[in-house]
Amino acid sequence: MDRVALDLGFIQIYWYSIFIFLGVFFASLVILRECKKQNINQEFIINLIFYGVIFGLIGARLYYVLFNLDYYLKYPIEIFEVWNGGLAIHGGILFGLLTVIIYCKKYHAKTLKVLDILVVGLILGQAIGRWGNFFNGEAYGGITTLEHLQKLGLPEFIINGMYINGAYHQPTFIYESIWTFFGFLVLLVVRRYKYLKTGQLTGVYLVWYSVGRIIIEGMRTDSLMLGNFRVAQLVS
């Protein structure tokens, strides 16, 4: 699997970066559309997305680095090589949440109301962004067989991409992508509920994503670990 989408000589553009960008782009469209419906100031939300993305990416990288600190202390320059992967979504969510809280407090906005708008776009962005892991050859599961992957009805290019280090692996990246995409559809339906209270949509997002992540993380072979425990399962 070629990780480079476009080689311009002086710079290489990776599929990982493209899917991160696409995730942010489509998430932003969903968020802005909802803000327009609710007559929320567009400049307010655009600036929030801008800062949220920046600090979310920083948080995602720091989170990953901290749980691989022994390695990065030996090769500190690789901390900045984010195109090689290594963005932990939970770190991004935590730093993004802190950004939203601080930003809303500064402009006297209702944090939970803003979060209810953001999570619908966020979960769609997660569904898209997971495909970057596929092209980077990461976030895969245990060894399986070619026959099993074929029975799943996967396209040939995904099956070929799951042949890593001499064996076929479970495509856990696509399991999570599908789970989060259905979560996006669920949130679209739930937010239309007439008696939904402020903050409940955010709660649905947290439960939906966490349940899926706990299950799927148990299948992965590259989990961040805290002793004998998978960090993503603990946080979820």
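Scroll up for the structure.
The paragraphs below set out a description of the structure included in this document. Quantities reported herein were computed from a predicted structural model and do not represent experimental measurements.

## Comments concerning the nonpolar core
Of all hydrophobic cores here, the largest spans 25 residues; its most connected members are V120, W131, F134, I158, M162, F173 and L187. Secondary structure elements with two or more residues in this core: α1 (15-37), α5 (111-136), α7 (156-161), α8 (172-190) and α9 (200-217). The leading source of residues in this core is α5, at eight residues. Discounting chain neighbours no more than four positions away, the residues touching M162 are F134, Y140, L149, A167, Y168, H169, Q170, P171 and F173.

## A short note on unusual backbone geometry
Although it is not a glycine, H108 adopts a positive phi angle of roughly 55°. The topology assignment puts H108 in the loop between α4 (89-106) and α5. Even without a glycine there, the phi angle at A139 is positive, about 60°. Relative to the helices and strands, A139 resides in the loop between α5 and β3 (143-144).

## A word on α8
Each α-helix turn comprises 3.6 residues. Residues three or four places apart therefore point the same way. For α8, built from 19 residues, the straight-helix expectation of 27 Å at 1.5 Å per residue is met to within 8% by its first-to-last C-alpha distance of 26 Å. Elements in contact with the buried residues of α8: α1, α5, α7 and α9.

## Quick look at the environment of R191
Secondary-structure assignment places R191 in the loop between α8 and α9. Beyond its immediate sequence surroundings of up to four residues, R191 is in contact with E34, V120, L196 and L201. A polar atom in the side chain of R191 sits 3.2 Å from the side chain of E34.

## Things to note about the packing of helix α2 (residues 42-66) against α4
Interhelical geometry of α2 versus α4 gives an angle of 145° and a closest axis separation of 7 Å. Note on packing geometry: the crossing formed by α2 with α4 is right-handed. In this structure, α2 uses E43, F44, N47, L48, Y51, G52, F55, G56, G59, A60, L62 and Y63 to contact α4, whose residues at the interface are H90, G91, G92, L94, F95, G96, T99, V100, Y103 and C104. By residue class, the composition of the contact of α2 with α4 is 12 nonpolar, nine polar and one charged.

## Points about the pattern of salt bridges
All told, the structure shown has six salt bridges when counted by the stated rule. Between E217 and R220 there is a salt bridge, with its nearest N and O atoms 3.7 Å apart. Taken individually, E217 and R220 each receive the classification buried, so the pair is uniform in this respect. Where R220 meets D222, a salt bridge forms, and the shortest distance between an N and an O atom there is 2.9 Å.

## Observations concerning the sheet that holds strand β4 (residues 163-164)
Pairing between the strands of a sheet comes from backbone hydrogen bonds, and it takes one of two forms, parallel or antiparallel. Spatial strand order, β3-β5-β4: three strands in an open sheet with antiparallel pairing. Strands at the two margins of the open sheet, each flanked by one partner only, are β3 and β4.

## Here we look at the packing of aromatic side chains
The description of two aromatic rings rests on the distance between their centres and on the angle between their planes. Applying the stated rule across the entire model yields 25 aromatic pairs. Relative to F135, the ring of F19 has its centre 5.5 Å away and its plane inclined at 15°; by these criteria the two rings are stacked. Residue F19 is located in helix α1, and its partner F135 is located in helix α5; the two are separated by 116 residues in the primary sequence. The exposure classification of F19 matches that of F135, with both residues buried. Seen from their ring centres, Y51 and Y103 are 6.4 Å apart, and the 45° between their planes marks the pair as tilted. Highlighted residues: Y51 in helix α2 and Y103 in helix α4, separated in sequence by 52 residues. For Y51, a relative accessible area of 38% corresponds to the partly exposed category. Residue classification places Y103 among the buried residues on the basis of a relative accessible area of 10%. Counting every residue linked through ring pairs, the aromatic cluster contains W15, F19, W131, F134, F135, F157 and F173.

Reading the values: rules and limits
Numbering of residues starts from 1 in each chain and follows the order in which that chain's sequence is written. In view of the model being predicted, local features appear only for residues whose pLDDT reaches at least 70, and side-chain atom pairs are presented and counted only at 80 or more, with totals across whole chains, interfaces and linings using the full set of residues. The basis for every side-chain value is the complete set of heavy atoms in the structure, and neither hydrogens nor water enter the calculation. Here, nonpolar core refers to any group of buried Ala, Val, Leu, Ile, Met, Phe, Trp, Tyr and Cys residues whose side-chain atoms link them within 4.5 Å. Residue burial is assigned from relative accessible area. The probe radius is 1.4 Å, only protein chains are included, and a residue is buried under 20% of its type maximum, exposed over 50%, and partly exposed in between. Elements are defined by DSSP. Helices are runs of H or I of four residues or more, strands are runs of E of two residues or more, and each kind is numbered from the N terminus. What makes two residues a contact is simply this: any of their non-hydrogen atoms within 4.5 Å. What a helix is expected to span follows from its residue count: subtract one and scale by 1.5 Å. Between N or O atoms, a polar contact is any pair within 3.5 Å; within protein, one atom must be a potential hydrogen donor and the other a potential acceptor, and residues adjacent in sequence are included only when both atoms are from side chains. Note on method: axes are straight lines fitted to C-alpha atoms, helices fitted across the in-contact stretch only, with angles between N-to-C directions ranging 0 to 180 degrees. For any pair of crossing helices, the crossing counts as left-handed if the nearer helix is rotated counterclockwise from the farther one by less than a right angle, and right-handed if it is rotated clockwise. Under the scheme applied, nonpolar residues are Ala, Val, Leu, Ile, Met, Phe, Trp, Tyr, Cys and Pro; charged residues are Asp, Glu, Lys and Arg; polar residues are all the others, including Gly. Each reported salt bridge corresponds to a side-chain nitrogen of Lys or Arg within 4 Å of a carboxyl oxygen of Asp or Glu. Two strands make a pair as long as DSSP finds a minimum of two bridges between them. Centres within 6.5 Å make a pair out of two Phe, Tyr or Trp rings, where for Trp the six-membered ring is used; the pair is then stacked when the planes are under 30 degrees apart, edge-to-face when over 60, and tilted otherwise.

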